[in-house]
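Listed below are the residues making up each chain.
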Amino acid sequence: MKHFYSFLFLIISSFVAVGQNAMTINAQLQPDDRSIIIQQQISIQNNSTDVWEEVYLTDWANSFSSKTTPLAKRFAESFEKKFHLATDAERGFTKVKAISSSDGILQYTRPEGFPDIIKVLLKTAIQPGTTVSLNLQYNITLPDAKFTDYGITRNGDYNLRYWFMTPAVYDGGWQFYSNKNLNDRYFPQSDITVSFSIPNGFTLVTDLEKAIQGSSYAQGEKLTRLTGKQRTDAKIFLLKNSNYQEVQTDYVTIVSNLHNGTLPPQIRAVITDRIAGYLDKNLGAYPFDKILVTDLDYREQPVYGLNELPSFISPFPDGFKYEIKLLKTTINNYVNNTLLVNPRTDRWLIDGIKVYLLQNYIDTFYPDLKVVGGLDKYWLVRQFYASQLEFNDQFSVLYSHISRLNLDQGLNTPYDKLIKYNKNIGYSYKSGVGLVYLNEYLDNDALDGIIKSFYEANASMPIKSKAFKDLVLKKTEKDVSWFFNDYITSNERIDYALKNSKVKGDSIYVTVKNKKRRKTPIPVYSFKDDSLTSTRWVSGKEKLTTLSYPKGEADRFVLNYKNIVPENNLRNNYEKPGALLGIDKPLQFKFFQDFENPSKNQLFFMPVAEFNIYDGFSPGVKLYNKTLLTKALNYKIEPQIGLKSKKLIGSASISYRHDFQNQGLYGLRYGISGNRFSYAPDLLFTRVTPFVNLRFRTSNLRADKRQFVSARYVSVQRQEDPLVPLPTPNYDVLNLRYSRFNPGIIHTLNLMGDVQFARNFGKLSGSIFYRRLFLNNRQLNVRLFGGVFTYNKTQSDGNFFSFALDRPTDYLFDYNYYGRSESSGLFSQQIIIAEGGFKSQLDAVAPVFANEWMFTANASTTLWKYFYAYGDVGVVKNKRANGELVYDSGIQVSLLDDYFELYFPIYSNLGWEIGQPNYDQKIRFQLQLSVDTVIGLFSRKWY
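What you see is a predicted model, and the numbers here were worked out from it, not measured in a lab. (Residues numbered from 1 in each chain as written. Predicted model: local features only at pLDDT ≥ 70, side-chain atom pairs only at ≥ 80, totals over all residues. Heavy atoms only, no water.)

A. Broad picture of unusual backbone geometry. Here the phi dihedral of N563 falls at roughly 55°; this positive angle occurs in a residue that is not glycine. Mapped onto the elements of the fold, N563 is located in the loop between β29 (556–559) and β30 (574–575). (Helix = DSSP H or I, 4+ residues; strand = E, 2+ residues; numbered from the N terminus.)

Listed below in structure tokens is the structure:
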């Protein structure tokens, strides 16, 4: 059998044409070993003017081989543990047996830091214009599909992508890089021939040309021969039960497993044909007979928003959800397979064309479709500005979201340097919105013809985005340097404002102010009695541009009325000459949060409710100006009624944020906040806090390293119980803080420093937290805390201002205690890991407060899965007393790290706690239920 295998490989290899890139693969699936045996010939033509002494191959099947590969690190950066915690059997790898050429066996190495790249050393240098042929023998063990959706699925199917070796691209140098789960392998177009031997029970699905050759040389197997001309990808699916269907259109055959069970087959066929015809008309003919459109492709790049809707909600026309999924995925594969740019370093153009085509399709076939679909027929939905947004407005909105968070990245940013939101949404939407912007500026849909000409001239050949720039410059006489030299390369915001409109004689004058350094054009619209009278473009090269209009032509001016330009702030785009008190926009009072309506001054209200055991359930209403997109000025007023305390409680705040782009200091926020709640039965506290926060970060946004410096003045007033007077019911504290966060699931290192000055005390404290997940899946957590009083005159207050070993008194009212004054019962068992960080309550045998200094260490390590052994040790020093050693230990159940954890004490200064009475009252719990912490838990993967 082995000799026949080699003989068949040689026969097939003989058909490879000399003088072009070609690959011939003979593969045999080994289900029992989760592997594929491969013999492969690679013929690479040296089309450069350089002499090759080595050749580089991509071996992305080996990117799963360990927990330290670039792919593994990428998973860790995205806070995904599943790869790190997986067993060795679930990860894949490549075992190379031999690499040879006509010169014999060749030596090869894997470059340092690139475990999925192979450098082949040639015995004979390859001259320009000649071809080298390499013969490879290797086995690949396939990974579990749970990591990337490719590999071995749970039901025993095989989703194969990047499963064989390919040559790297030579472009004045070898262009190779590692797999980082970005689906962006880059190799030169090649004629591909595959002979695949698979067990009889499987169906093979691919977009390569397929011919069944009948029985294999191996018993119980069948041999399928696949061919493809000038390909850059070869996905293959080996399925026990195939749900793929082929739809033959007049342009191309679409092979897909995107289905809609309620849609008749004839309607699906009409939709498929319409999509294929649209792409043929607006791009050009697809050079291959088939295009593969899979559910995996769609999940990789969904239409965000639509994909979140449950199946029983159908706000769009019948079949639209299926149509948009098929459209988006077909466009992606149509463009990816034909416009061949470096997808790691130069992909803004192909991503932009995809989104541009998607928007153009919607404008063509669904010109009146709203982003909420048919839900705008309901009165309640129509109360929201979102109901007025066109379907295509979501692209600029979703891009603006990341811009307002000050996390925008230039379109020339390498793809692997993008944060997840930009990689999945922001990058392609910014590019697509930019092309729509350019088209509007060129006028008369000139860009449609340019894109079509570009595609027809460059399909199926290596190109760079510069070729598109050259074509645009050739096709227009307008100055488009702003698009290629500014919009593509910069992440700085665009913001224009209308200022100082005035009437002089028979003319009206209005000034356009460029508030940023961007030199991008913007349209100015004039209206008379709500009718559009003119549109004029301002170049943006000047900081101030004054326009004049005949007096009878306009009574209102609007910048960027169609929202074509992706501005950061749309609220300053309206100007009404002669407006009373300069108020040119009416006040709009709206229920619940909404998208920003730039033509209105919006104020929102919504019901709220909170809970603590003293106020009980506390319903109220929140009045605020915050929209779904971040804005600089935010204020809120939140009055509530405690149903148990019968008191008026609540909070209020106002703050302003300055963003700084492309520098270490990226954010400055200042403001004042206040709140009023019960801190004990029938006793209220009031806290007022003016503050200023500085935020710092590195230039690598994926690193997620942040530093914060804050200053605040906390003024607290507490009601007193006449029977238990408080020595210091009211106090003021100046608090300075520094924190440095470097989060991650493999390594975490957080530092915090705190300084407090009050009339009766001064304190210095700091903490260090370190977390490490080792290769053997054991996790170690270590926290160190130290605090010292610089002066302390608070003895009359007991331990209210002291450092706490296990339960801080929280005199600054920072922590989310559900029962902050409780000394018994369930709520007294709540723990917040702060100050001493102990879990056992040792007040019966040891001091649990320190009015002089305290130093503690907390550690825990994995026992099994979510179970940890923890131990705490420290020294507590009080005035006129010796320092005392304190310790405890036990079992920690971490259901969600830092958010939901249980602590079961075992041994401490109290002795064996587990055998003592009322053990259930010794169990501690940590529970973070605030909206901000929950949002942060899920958003950390995206931002």
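B. Molecular detail of the sheet that holds strand β9 (residues 151–152). As summarised here, the arrangement of the four strands in space is β9-β10-β18-β15, forming an open sheet in which the pairing is antiparallel. The sheet is open, and its two edges are formed by β9 and β15 (203–206), each paired on a single side. The pairing of strand β10 (residues 158–160) with strand β18 (residues 236–239) spans three bridges and is antiparallel. Bridged to N159 within β18 is F237. (Pairing = 2+ DSSP bridges.)

C. A look at the nonpolar core. In this structure, L283, W348, I353, L447, F468 and F483 are the most contacted members of the largest nonpolar core, which totals 92 residues. The next biggest cluster of nonpolar side chains, apart from the first, holds 52 residues, and it includes W52, V120, W174 and L204. (Core = buried A, V, L, I, M, F, W, Y, C linked by side-chain atoms within 4.5 Å. Buried < 20%, exposed > 50% of the residue type's maximum accessible area, 1.4 Å probe, protein only.)

D. Region of interest: the pairing of strand β26 (residues 522–528). Burial runs high along β26: six of the seven residues are buried. Sheet topology note: the β26/strand β27 (residues 531–538) ladder contains seven bridges and is antiparallel. When the bridges of β27 are listed, V524 appears paired with R536. Between β26 and β27, which pair antiparallel one after the other, the connecting turn spans two residues, and D529 there sits at a positive phi close to 50°.

E. Examining the sheet that holds strand β20 (residues 253–256) more closely. In space, the three strands of this open sheet follow the order β19-β20-β21, with mixed pairing throughout. The outermost strands of the open sheet, each flanked by one partner alone, are β19 (245–248) and β21 (290–293). For this sheet the average axis-to-axis angle between neighbouring strands, irrespective of direction, equals 20°. Taken strand by strand, helix α6 (residues 320–336) contacts β20 and β21, and its axis lies near 125° from that of β21. (Axes fitted to C-alpha atoms, helices over the stretch in contact; angles between N-to-C directions. Contact = heavy atoms within 4.5 Å.)

F. Broad picture of the packing of helix α11 (residues 446–458) against helix α12 (residues 466–475). For the pair α11 and α12, the least separation of the axes is 10 Å and the interaxial angle reads 135°. Classified by the angle between their axes, α11 and α12 sit oblique to one another. Remark: the crossing between α11 and α12 carries right-handed chirality. Where α11 abuts α12, its residues L447, I450, I451, S453 and F454 lie against A467, F468, L471, V472 and K475. Grouping the amino acids of the contact of α11 with α12 by side-chain chemistry returns eight nonpolar, one polar and one charged. (Parallel < 35°, antiparallel > 145°, perpendicular 65-115°, else oblique. Left-handed = near helix turned anticlockwise from the far one by under 90°. Nonpolar A, V, L, I, M, F, W, Y, C, P; charged D, E, K, R; others polar.)

G. Representation of the packing of aromatic side chains in the model. Using the criterion set out here, one finds 66 aromatic pairs in the structure. A centroid spacing of 5.0 Å and a plane angle of 75° characterise the contact between F83 and F147, whose relative ring orientation is edge-to-face. Of this pair, F83 sits in helix α3 (residues 82–85) while F147 is found in the loop between β8 (131–141) and β9, placing the two residues 64 residues apart along the sequence. Residue F83 is classed as buried on the basis of its relative accessible area of 1%. Its relative accessible area of 4% is what places F147 among the buried residues. Members of the aromatic cluster, joined through ring pairs, are W348, Y437, Y441, F454, F468, W482, F483, F484, Y487 and W537. Note that R536 overlies the ring of Y549, its terminal NZ or CZ placed 4.7 Å from the centroid. (Phe/Tyr/Trp six-rings, centres within 6.5 Å; stacked < 30°, edge-to-face > 60°. Lys NZ or Arg CZ within 6 Å of the ring centre and 35° of its normal.)

H. Region of the structure containing the packing of helix α10 (residues 420–442) against α11. Put simply, α10 and α11 touch, their axes get as near as 7 Å, and they point 120° apart. Classed by the angle they form, the pair α10 and α11 counts as oblique. Residues L435, L438, N439 and L442 of α10 form the contact with α11, whose participating residues are A446, L447, D448 and I450. In terms of residue class, the contact of α10 with α11 is made up of six nonpolar, one polar and one charged.

I. Representation of the pattern of salt bridges. This model, assessed by the stated rule, comprises 42 salt bridges. One salt bridge in this structure joins K464 and D171, with 3.4 Å as the shortest N-O distance. Placement of K464 in the loop between β23 (461–462) and α12 and of D171 in the loop between β12 (169–170) and β13 (174–175) is noted, with a sequence separation of 293 residues between them. The closest approach of N and O atoms between D486 and R518, which form a salt bridge, is 2.3 Å. (Salt bridge = Lys/Arg side-chain N within 4 Å of Asp/Glu carboxyl O.)

J. Fine view of α10. Between the first and last C-alpha of α10 there are 32 Å, a value that for 23 residues agrees with the 33 Å anticipated at 1.5 Å per step. Where α10 bends most, at G426, the angle is about 45°. With 20 of its 23 residues buried, α10 lies for the most part within the structure. D443 lies just past α10 and shows a positive phi near 75°. (Expected span 1.5 Å × (residues − 1). Bend = angle between axes of the 7 residues up to and from the residue.)

These values are about where atoms sit, not about what they do.
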